[in-house]
Amino acid sequence: MKISEVIQKSRKIVIKIGSNTLAKEDGTQNTEFMQNFARQCSNLIKQGKQIVLVSSGAQVAGVSTTKEWARKKDVHYRQALCSIGQVELMHQWRKAFAMENLHIGQLLLTKDDFENEHRSLNIRNTLFTLVDEGVVPIINENDSVSFDEIKIGDNDNLSALTAILWSADLLILFTDENGIYTDNPKTNKDAKLIEVVESIPELRKSIKIGETNAFGTGGIETKIQAAEKTTVYGIPMILANGRVENSLEDLTKDSAKGTLFLGE
């Protein structure tokens, strides 16, 4: 099955944008990307799709706002930086979607929210209400208050949990690579893109998993974990390169590369 066919048959789509996709080379926010991406989401919504966005980038936005904190490693400064950055992140998303005459809503979540039955039901009801009213929910982990015991740790798994909770038809993860390769394409020019994954256990046997990247908290491992979570529920997942100018639209036309994890 082609990626375009999966997107076409999917109505409820969760899309995750990684920090590396949202960051420029100097580590500051890429607002031009955000505006272009909002336009692409708007076009899908006009086609009858419902979109939930999981957006990383609070720390990136914090660095853009408070540059003198960029090198501070103390956990309290990092959490404070996310607090500052989350405001800026949502401000830029609000401006981007406003250009498309769309409102956004914010949900900041922790692992506790998904493990508590009452809270998870409230999240689900809020998501349904927002999308039914044409509002784009934007979700991020609540990094300013999260600590190890209540931290999901990365937005790949957060987006998978969101897709399951919302009963989504599809999860799309945008990163800074075209998909899953047999090896790290940045260090091995012979690494080959794996376009379709039908068995994740077989995939794990056939690839090398590298380290996390510069701005993100995830890596290939967390993306595979996300696919493991969603495919069990029959929700396919697409991993693709968000740095391509019209990444979302290109996937709908099969003019962009990606890895498709098929649901069981």
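Along each chain, the written sequence defines residue order, and numbers are assigned to residues from 1. pLDDT decides what is reported in this predicted model: residues at 70 or higher carry local features, side-chain atom pairs at 80 or more are listed and counted, and totals for whole chains, interfaces and linings draw on all residues regardless. In computing side-chain properties, one takes all heavy atoms of the structure into account and sets aside hydrogens as well as water.

## Some points on the overall build of the protein chain
To keep things clear, this is the line we draw: Note on conventions: DSSP H or I runs of at least 4 residues are helices, E runs of at least 2 residues are strands, and numbering of each starts at the N terminus. When accessible area is computed with a 1.4 Å probe and restricted to protein chains, residues below 20% of their type maximum are described as buried, those above 50% as exposed, and intermediate ones as partly exposed. Any two residues whose heavy atoms approach within 4.5 Å are treated as being in contact. Using the Shrake-Rupley algorithm and a 1.4 Å probe, accessible areas are obtained, with residue cover drawn only from the displayed protein chains.
When you go through the protein chain residue by residue, the secondary structure sums to eleven helices and ten strands. Burial statistics for the protein chain: of 264 residues in total, 53% are counted as buried. A separation of at least 24 residues holds for 74% of the contacts in the protein chain among residues at least 6 apart in sequence. When the accessible surface of the protein chain is summed, it comes to about 12,600 Å², and 48% of that surface belongs to carbon and sulfur atoms.

## Notes on the confidence of the model for the protein chain
For clarity, the cut-off: A residue's pLDDT is the predictor's confidence in that residue, given on a scale from 0 to 100.
Averaged over all residues, the pLDDT of the protein chain is 86; the fraction at 70 or higher stands at 86%. The weakest mean pLDDT in the protein chain belongs to helix H4 (residues 58-65) at 69; the strongest belongs to strand E1 (residues 12-17) at 97. Low pLDDT, under 50, characterises residues 212-217; the stretch is placed with 17 contacts to residues that sit more than four places away or in other chains.

## Re the pattern of salt bridges
What counts is decided by this rule: Any carboxyl oxygen of Asp or Glu that lies within 4 Å of a side-chain nitrogen of Lys or Arg is treated as forming a salt bridge with it.
Applying the stated criterion across every chain yields a total of nine salt bridges. The shortest N-O distance in the salt bridge between Glu 32 and Lys 24 comes to 3.8 Å. A salt bridge links Glu 249 to Arg 39; the nearest nitrogen and oxygen atoms lie 2.8 Å apart. One end of the pair, Glu 249, is in helix H11 (residues 247-252); the other, Arg 39, is in helix H3 (residues 31-46), with 210 residues separating them in the sequence. Residue classification places Glu 249 among the buried residues on the basis of a relative accessible area of 18%. One salt-bridge network, held together by shared partners, links Lys 16, Asp 156 and Lys 223.

## Thoughts on the side chain of Gln 92
The line we're drawing: Side-chain atoms alone can form a polar contact between residues adjacent in sequence; in general such a contact is a pair of N or O atoms within 3.5 Å, and within protein one must be able to donate a hydrogen while the other accepts it.
Examined against the element boundaries, Gln 92 turns out to sit in helix H5 (residues 75-98). At 2.7 Å, the side chain of Gln 92 forms a polar contact with the side chain of Glu 88. Once residues lying within four places of it in the same chain are set aside, the contact partners of Gln 92 are Gln 29, Thr 31 and Met 34.

## Focus: unusual backbone geometry
Phi angles above zero are rare outside glycine, and Ser 167 is one such case at about 55 degrees. Relative to the helices and strands, Ser 167 is located in the loop between helix H8 (155-165) and strand E5 (170-175). On the basis of relative accessibility, which here comes to 36%, the residue Ser 167 falls in the partly exposed class. Despite not being glycine, Asp 254 has its phi angle at roughly 60 degrees, a positive value. Locating Asp 254 in the fold gives a position in the loop between H11 and strand E10 (258-261).

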